[in-house]
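What follows is each chain in one-letter form.
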Amino acid sequence: MMPFIPVLLWSDILLWLLVAVCIAGAVMARRSEHILTSWRRIAGSANGMAALTVLAAFFLIGLLDSVHYRPRLAQQTGVSISAANYGVEVLSLLDALAAPLKNNSEKTYSAPLATRLFSKETIEEAVVGTDGGTAAGTDARIVRDYPRLIYGGAHLGADTAGAGQDMLVTGLIGAALGLAVWLVMAWLLRAMLPDGRGRKSVLATLAVLLLIFAPLLALSTHYHVFGTDKVGQDVFYLTLKSIRTGLLIGTLTTLIMLPAAVLLGILAGYAGGWIDDVVQYLYTTLNSIPGVLLIAAAVLMMQVVIDTHPQWFATAAERADARLLALCAILGMTSWTGLARLLRGEALKLRELEYVQAALAFGVPRLAIMLRHILPNVMHIVLIAVVMDFSGLVLAEAVLSYVGIGVDPSTISFGTMINAARLELAREPVVWWSLTAAFAFMFALVLAANLFADVVRDAFDPRTRMSP
Amino acid sequence: MSEMLAVTDLAVTIQTPRGLARPVDGVSFSIAAGEVFALLGESGCGKSMTALSLLRLLPEAGSIAGGSVRFAGRELLAMSEQEMREVRGGGMAMIFQEPATSLNPVMTVGAQIAEVLGVKGEAARLLGVELLDSVGIPDAGRRLDEYPFQLSGGMKQRVMIAMALAGEPKLLIADEPTTALDVTIQAQVLDLLDDLRKSRGMALLLISHDLGVVAEMADRIGVMYAGQLVEVAPRDAFFSSARHPYSKKLFAALPDMSRRTSLLETIAGSVPAPTNIFKGCRFADRCGFAKSVCGSQAPPWVVAGEGHSVRCHFPDAENIAVQQLEEIRQPVSSHAPLLETRELKLHFPIRKGIFKRTVGHVRAVDGVTLALAQGRTLALVGESGCGKTTVAKAILQLLRSSSGSVMLSGQELTTLSNSGLKPWRGAMQMIFQDPYASLNPRLRVGEIIAEGMRTLLPGGADKQKIATLLASVGLDADMAGRYPHEFSGGQRQRIAIARALAVEPRLLICDEPTSALDVSVQAQILNLLRDLQQRLGLAYLFITHNIAVVDFLAHEVAVMYLGRIVEQGTVDEVLRNPQHPYTLALVAAVPSIVATEGKDKAPPLSGDMPSSSHPPTGCHFHPRCPRAMDVCRREYPKASQLSATRRVHCQLFL
Amino acid sequence: MLAYILRRLLYALPILVGVNLITFALFFVVNTPDDMARMQLGIKRVTPEAIEKWKVERGYDKPLLWNEKAAGAGRLSQTIFYQKSLRMFVGDFGRADDGRDIAGEIKGRMGPSLAIALPVFVLGLFVTVSFALLLVFFRATYLDFAGVVLCVAMMSVSSLFYIIGGQYLVSKAWHLVPISGYVGGLDATKFLVLPVVIGIVSGIGASTRWYRTIFLEEIHRDYVRTARAKGLSELAVLFRHVLGNAMIPILTGVVVVIPSLFMGSLLTESFFGIPGLGSYTIEAINAQDFAVVRAMVFIGSLLYIVGLIATDISYTLVDPRVRLE
C-alpha cells in the first residue's frame with residue numbers, strides 16, 4: 001500500500017514536457033554551430049547569467065511545486081484495508097518540504113517575525129497567584145492585548161523577550177549554512193562553466209541569493225518571516241506557491257500558441273495568395289477585439305462550462321488546474337497574432353532569397369522548402385518571442401487575477417495575493433507585508449526575465465524589434 | 001599648386017567583438033587644390049575609413065588613434081566639434097556610394113539642400129534651383145519639391161552632389177560615387193564630377209575599386225592595401241608602369257578581350273582582417289614573390305620616379321607571369337540549339353483600386369528570342385531593370401511566362417506542369433548574384449550541395465560525390481562539414497557553383513555571379529567558369545552588366561533594353577563594331593584603363609531608362625537616342641539581319 | 001486619397017462582422033442561454049420555470065439563428081443573433097442586468113474615461129519621446145546605460161503596484177489629493193492628477209526603451225551620416241532627420257490606440273473610483289453581466305478598427321512614399 005498516489009495535473013505534464021524540450025534543444029544545440037555561438041555570447045554576459053541564475057532559482061521552486069500527489073489518510077480502525085482512503089487535497093513536493101509553513105496558520109494578521117498577533121483582541125489570561133503556589137489556583141482575567149501566536153516563535157514559550165537574540169542566532173546559522181552551500185556550488189560550477197564574466201556573475205548572484213534566502217529559510221522554521229495574512233496563512237508560503245502560477249502562465253501560454261503562430265505565420269508569408277489573405281484576416285479580427293475584454297469574455301464563458309460540468313474534475317486542484325490551462329489557452333489565443341505577423345513578414349523576405357530560389361530550381365517540394373529553408377531561419381525569432389513574452393505574461397496574470405478574470409480564486413498566485421491584500425494599505429496601522437512580499441518576488445522574477453530577454457535578443461538577433 | 005590637404009600617419013582603430021581593428025594604419029598623402037587624388041583598392045582595405053576620418057565621421061565604435069590631418073592650413077584633429085561642423089559644411093563635402101539610402105526619405109530635395117545653405121524661403125529656393133541646374137537636373141524647380149523616392153538612382157546621386165556643392169567646398173570626397181549606378185549613368189555622373197571640378201577649381205578625393213574609373217578621373221593615385229598605402233603615383237606612371245606587386249596583379253586580374261586566350265591572374269587568399277597584427281610586408285603571404293625579408297621586415301618607401309613611390313622590398317622585380325593557356329580549344333558546338341526561347345513574354349499585372357482591378361502591366365520581358373548551343377556562352381547584357389533576371393527565371397520556369405516558348409533540347413517547357421518539369425530541372429541550373437544570400441546559413445556545405453542531388457538524381461547524394469564536386473570547384477573535401485558563414489564571398493560562389501553542378505546540368509544560367517566580388521576574386525571565378533565549360537561542355541547564359549567580363553568569357557552577346565533584345569551577334573561583332581545606338585553608348589560608357597585622350601568618345605547617354613510599366617511608344621530607346629527619327633516615335637523596328645549571326649532592332653538598318 | 005480611405009473602410013466591414021461572429025459564438029454557442037441562466041441563478045436551486053423566466057426577461061428565449069415560428073423577415077429578425085448581435089451595428093446594445101440602457105450608460109461614462117486617458121496619452125507620449133531622445137543624445141555613455149537599466153526596472157513593476165503605491169504615498173501618507181472619487185467640471189482636477197501621473201509613470205519604462213530602440217535604428221542609417229557630413233549640429237540631426245523618420249514606426253504603435261482611449265482604463269478607474277467605461281466594464285465582469293461585456297467588446301473592436309484606419313491615414317501625413325503613390 002503506497003503512502004500516496006501521484007497526481008498528474010495537465011499543467012505538470014506540460015511543464016515537464018517543456019523541460020524535456022529544453023533539454024532536447026540543448027542536446028541538439030550542441031551540434032549546431034550558430035546556436036552554440038549565440039549561447040556562448042549569453043554565457044559570456046554578466047547581466048544575462050545573473051538573470052539566468054535568478055530565473056533558475058525560480059524555476060527550481062516552480063518545478064518542486066509541480067510534482068503532485070495525494071497522501072493516504074491515516075488508517076481508521078474498522079475501515080477495510082482494501083479501500084484505502086486518499087486525501088482529497090492534492091499536495092506537491094514543495095508543500096511537503098514547506099509543510100510547517102503550510103500548516104502553521106495563525107488566527108489572523110501578524111507582522112513579519114512577530115510573536116504576537118497584529119491587533120489587540122479580547123483574551124482570557126491566566127493570572128498566576130502572587131504566592132507562586134499552584135494550589136492557590138489560577139484566576140481567569142479578561143484583558144485586551146496582542147495575543148500570543150500559536151506557531152510564531154512557539155519554541156520560546158511565553159517569554160518573548162529573547163526573540164531578537166534568537167532570531168539573530170538563527171539567522172547567522174542560516175547564513176553560515178548558506179555559505180557552505182555556496183562553496184559547494186562554486187566548486188561544482190568551476191567545473192561546469194568556462195571562466196569569464198559569465199561565471200563570476202553566476203557566483204556573485206548565487207552568493208546574494210543564498211545570503212538572503214538561507215537566513216530566511218532558517219528563520220522560517222520558527223517564525224513567519226513575511227508575517228501572516230488576514231486568515232493567518234504564512235505569507236512566505238504564499239509567495240513561494242505563487243511562483244509556479246507565474247511560471248506556468250509565462251511559459252505554457254507561449255507553448256500553447258506557438259504551433260499556431262509558427263504554422264500560420266510561415267504559411268501566410270511563404271504561400272501567399274488566398275492563404276495569406278485568410279491568415280491576415282484571422283489575426284486582424286482577433287487583434288481588433290480588445291485583449292482584456294476577449295479574455296474576460298472567454299474566461300466568463302469558460303467559468304460557466306467548468307461550473308456546469310463539476311463531474312469532470314476529481315479534485316478542486318484539478319478544477320483549478322483546468323482553469324489555469326484554459327487561461328493560458330485564452331491568453332495564447334490573444335497573443336499569437338503578434339508572433340504570426342512577425343514570422344509572416346520574415347517568411348515573405350526569405351521567400352525571395354536566392355537559396356530558396358535555388359531550391360525551387362531543383363524542384364524541391366514546397367513543404368520541404370518551408371521545413372528546411374524557412375523554419376530554421378526564423379527559429380531565432382521564435383525563441384526571442386518566447387523569452388520576451390514571458391515577463392509580460394507574468395505581469396498580465398497579476399492584473400487579470402486582480403480583475404477577477406485570471407486564475408481560479410483558490411489558486412495561489414501573485415494576482416490573487418494582491419487582490420486579497422488590496423485594502424490592507426488602507427488599514428490603520430498599515431498592513432504592508434503581503435503586498436511588499438508579492439511585489440518583491442514578482443519584481444525579481446520579471447526583472448530577471450526582462451534582463452535575460454534582452455541578452456537573448458542581442459545574442460540571437462539584435463535587429464529584431466518587438467513592440468512593448 | 002598649393003597643398004590643400006595633408007594627411008600624415010593617420011591611424012584609425014575600431015572596437016570589434018574580435019578585438020581592436022586598425023582599418024587605417026599610418027596613411028600619409030596630400031592633395032593639391034584642384035587636383036583629383038584617387039584611393040584605389042579592394043573592399044576591406046580601409047579606403048572608406050580613411051575618407052570618413054578626414055571628416056571625423058567615423059562610426060561610434062571607431063576613433064582616430066593618431067596622425068594629423070591639415071586642411072587649408074588648419075589641423076582638423078585638434079578642432080572642437082563646433083569648428084569641425086563648419087569644415088563639414090563648407091570646406092569639405094562628401095558623397096556616398098548608395099544614393100538610394102543616403103538621402104533622407106521623408107524630406108524634400110529642396111529642404112535637404114536648404115539645410116546646407118543656411119538660408120530660408122525664396123532665397124533658398126533660388127539657390128536650390130541654381131544648384132540642381134548646375135548638376136544637370138532638368139526641370140529643377142519642380143524637382144526641388146520632390147522626395148528622393150521620386151528620383152532615379154542617377155538623379156539621387158546628382159542631388160547628393162548638389163547638396164555637397166551647396167557649401168561651396170574646396171575638397172569633395174567621393175566614396176565610390178558610381179558603384180551603385182548603371183554604366184551609362186556612371187558615365188554621366190563621372191562627366192559631371194569632372195566638369196564641376198574644372199569649373200569650380202575644386203579638389204576631388206575619389207575612392208574607387210574600379211581601375212577604369214580611376215584611369216578616367218584621377219591625376220594621382222594611391223593604392224591602399226590592408227590599411228596602408230602601398231603605392232602612390234601620377235596617373236600615367238601608374239598605368240604604364242605600376243611597381244607594387246599588388247598593383248600589378250590588380251591589372252592582370254582584369255578580364256578583357258586580350259586575355260581571352262589566357263587565364264586571368266588571381267591573387268591567392270583575401271585581404272587580411274584589420275584585426276591582424278603585422279610584422280613584415282602586409283602583402284607578403286599573397287604576393288607569390290615574397291622573400292624571407294618580406295615576412296620579417298616592413299618594407300620602406302622606395303622612390304620609383306617623379307612623384308612615384310612604392311612600399312616594396314623588391315620594386316624592380318619582374319613578378320608577374322601571365323599564364324598562357326596551351327591552346328583554348330573552342331568547344332565544338334552542335335547545330336541544334338540546347339536552349340531556345342521564342343517571343344518569350346512575362347507581364348506582371350499592376351492592380352489598383354478597391355477590387356484590385358488590373359490597370360496595366362509591367363512588361364518585364366516583352367518578346368525575347370534567344371538561342372544557345374551546347375558548350376557556348378551567350379551573354380545577356382543590359383542595365384538594371386531591363387529584365388535580364390526575369391528572363392532567367394522564366395527560362396528556369398521559376399516564373400511562368402505570359403506567352404512565348406522556352407525549348408530545352410527541343411522540349412517545350414512552358415506547357416509542362418511542376419511534376420512534368422522535374423526531369424528537366426537537372427538539365428538547367430542557376431548561379432545567383434549575391435553569394436551571401438544564395439546559401440542557407442543553417443545548412444552545412446555538404447547538405448547544401450546534396451539538396452539537388454537528393455531531389456533529382458536517382459542515386460541521391462553520397463559523400464564521395466560531394467567531395468569530388470568540391471574539388472572540382474577548387475575547395476577541400478573536408479569543407480563539406482562547415483557552415484557558409486565561415487567562407488569568403490569567392491568561396492561561397494564556388495560552393496554555389498558546386499551545388500548547381502551537382503545535378504549534372506547542361507545549361508548554367510549565371511546571374512551576375514561576380515558583380516558582388518572584388519576584381520581579384522572575380523578573376524578566380526571567371527577562370528573557374530571557363531575551365532568548367534571546357535571540361536564539361538556546359539552552355540552558359542551569362543547575365544551581366546560588365547562589358548569586360550563579356551569580352552573575356554562570351555561567344556555571343558544579346559543586348560537587352562526595357563524587356564526586349566535590341567542587338568545580338570557574336571562578341572566580336574557586337575562589342576568591336578556595335579550598330580544599335582544603345583549598344584554603341586553602352587560600350588562607350590565603360591571606363592577604360594587604356595588612355596583614351598586622343599580618341600573621340602561618344603558622349604554619355606542622357607536621361608534614365610524609362611519604367612517598363614509605361615514604355616515609350618515606338619522604339620523604346622528613342623527618348624535617349626541621339627539619332628532618333630520621327631518613325632522611331634511611332635513604331636517598334638523589326639529585326640534586321642546584318643549577318644548570319646547578327647540581328648539588330650533599329651530603324652537605321654531597315 | 002478618398003478612394004484609399006473608402007477602400008480601408010470596406011476592408012474594415014468583414015473584420016467587424018468577424019468580431020461579431022466570434023462574440024456571438026462565444027456568448028451563445030459555447031454556452032447556451034440555459035447554462036447562463038443556471039449560472040446566474042445558482043447551479044443547485046434552479047427550476048426550469050426560473051430559467052425560462054430569466055431568459056424571457058432578457059430576450060434570450062428566441063432561437064439562435066433561425067426562427068421557425070415567426071413569419072417573413074421575422075424568421076431572421078426574431079432570433080438572438082439578430083436581436084443581440086446585429087442590432088449592435090445600429091447602436092442598440094440592449095439593457096444591462098440592472099435594467100439600464102447600455103448605450104445611454106456608455107455615453108455618460110465616456111467623459112470621465114477620456115478625462116484620464118487623454119492626458120495620460122498625450123503627456124505620456126511627450127515625456128517618453130523626450131526621455132528616449134535624451135538617452136539617444138547621450139548614447140553609449142553611462143547616462144544612457146543608467147537610463148536603460150532604470151527603464152527595464154520600471155517596466156518590471158506591475159501596474160498594480162504603481163497604483164497601490166501611488167495611492168498610499170500621495171493620498172494616504174502625504175494627504176496631497178483625495179484617494180478616490182470623481183465630480184464633474186473643473187473640480188475633477190484634484191481627483192485626476194494622481195491617476196494621470198501614475199498612468200504616465202507606469203508607461204515610462206517600456207515606451208522609452210521602445211522609442212530609444214527605434215531612434216537608435218534610425219541613427220545608424222546612411223542619410224544620418226549624410227546629414228552629419230553636411231555639417232549639421234547633433235540636435236538638428238536628431239530632431240529633423242532621426243525624429244522625422246522615426247515617426248513612421250512610432251505612429252504604428254501610437255495612432256492605433258487613440259480611438260480606444262474612449263474605453264478608459266480598467267485598473268485606474270476601478271482603483272480611483274472614476275465612473276468611466278473602464279470601471280463600467282470591470283463592474284460588468286464582476287457581476288457577470290454579459291450584455292455589457294458584449295457591448296464593450298463590440299465598441300472596443302470598432303474603435304480599434306477606426307484606429308487602424310487612422311494609422312493608415314497618418315502614414316500618408318508623415319511618409320511621402322505612401323502619400324504620393
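Residues numbered from 1 in each chain as written. Chains lettered and ligands numbered in written order. Predicted model: local features only at pLDDT ≥ 70, side-chain atom pairs only at ≥ 80, totals over all residues. Heavy atoms only, no water.

Caption draft 1: View of the interface of chain A and chain C. Across the boundary between the two partners, chain A contributes 48 residues, which contact 51 residues of chain C. Taken together, the connections running from chain A to chain C amount to 1 salt bridge. As a salt-bridge pair, A:Asp454 and C:Arg209 come within 2.7 Å of each other at their nearest N and O atoms. On inspection of chain A and its partner chain C, the count reaches 5 residue pairs in polar contact (both at pLDDT 80 or more). Breaking the side of chain A that touches chain C down by element, the ones donating at least two residues are helix H9 (273–288), helix H10 (291–308), helix H13 (366–403) and helix H15 (433–460) of chain A. The element contributing the most residues to the side of chain A that touches chain C is H10(A), with 13 residues. Of the residues contributing to the side of chain A that touches chain C, the split by class is 34 nonpolar, 8 polar and 6 charged. (Contact = heavy atoms within 4.5 Å. Salt bridge = Lys/Arg side-chain N within 4 Å of Asp/Glu carboxyl O. Polar contact = N/O pair within 3.5 Å; in protein donor to acceptor, adjacent residues only side chain to side chain. Helix = DSSP H or I, 4+ residues; strand = E, 2+ residues; numbered from the N terminus. Nonpolar A, V, L, I, M, F, W, Y, C, P; charged D, E, K, R; others polar.)

Caption draft 2: Geometry of the packing of aromatic side chains. Per the stated rule, a full pass over the model turns up 26 aromatic pairs over all chains. Both rings, one in A:Phe213 and one in A:Phe441, keep their centres 5.9 Å apart while their planes meet at 85°; by these two values the pair is edge-to-face. Of the two residues, A:Phe213 is situated in helix H7 (residues 197–220) and A:Phe441 in helix H15; the sequence distance between them amounts to 228 residues. With relative accessibility at 27%, the residue A:Phe213 sits in the partly exposed group. Above the ring of B:Tyr636, the side-chain terminus of B:Arg564 is found at 4.2 Å from the ring centroid. (Phe/Tyr/Trp six-rings, centres within 6.5 Å; stacked < 30°, edge-to-face > 60°. Buried < 20%, exposed > 50% of the residue type's maximum accessible area, 1.4 Å probe, protein only. Lys NZ or Arg CZ within 6 Å of the ring centre and 35° of its normal.)

Caption draft 3: Seen up close, a nonpolar patch on the surface. Residues and elements named next belong to chain C. A contiguous nonpolar patch, built from Phe131, Leu134, Phe137, Phe138, Leu143, Leu235 and Phe239 and spanning about 640 Å² of accessible area, is present on the exposed surface. Elements with a minimum of two residues in the nonpolar patch: helix H6 (102–137) and helix H11 (234–254). Ranked by the residues each element gives to the nonpolar patch, the list is headed by H6, at 3 residues. Note on placement: Leu235 falls in helix H11. We classify Leu235 as partly exposed; its relative accessible area is 47%. (Patch = residues over 30% accessible without salt bridge, like charges linked within 9 Å, V, L, I, M, F, W, Y side chains within 5 Å. Areas by Shrake-Rupley, 256 points an atom, 1.4 Å probe, with all protein chains shown as cover.)

Caption draft 4: Local environment of the pattern of salt bridges. According to the stated counting rule, one finds 50 salt bridges over all chains in the structure shown. Between A:Arg372 and B:Glu451 there is a salt bridge, and its shortest N-O distance comes to 3.1 Å. Of this pair, A:Arg372 sits in helix H13 while B:Glu451 sits in helix H16 (residues 445–456), which puts the two residues in different chains. Given the relative accessible area of 5%, B:Glu451 is considered buried. In this structure, the salt-bridge partner of C:Arg228 is C:Glu234, at a minimum N-O distance of 3.3 Å.

Caption draft 5: How the structure looks around empty space enclosed by the protein. All names here are of chain B. For the coordinates displayed, the defined rule picks out 5 cavities of 30 Å³ or more. If you add up the space inside the largest cavity, you get close to 100 Å³. Taken together, 14 residues form the lining of the largest cavity, with Pro245, Cys287, Cys294, Cys312 and Phe314 sitting closest to its centre. Considered class by class, the residues forming the lining of the largest cavity number 10 nonpolar, 3 polar and 1 charged. (1 Å grid on protein atoms, 1.4 Å probe; cavity = no way out; pocket = protein on both sides within 12 Å on 5 of 7 lines; lining within 4 Å. Points joined across faces, edges and corners; volume = space filled by probe spheres on them.)

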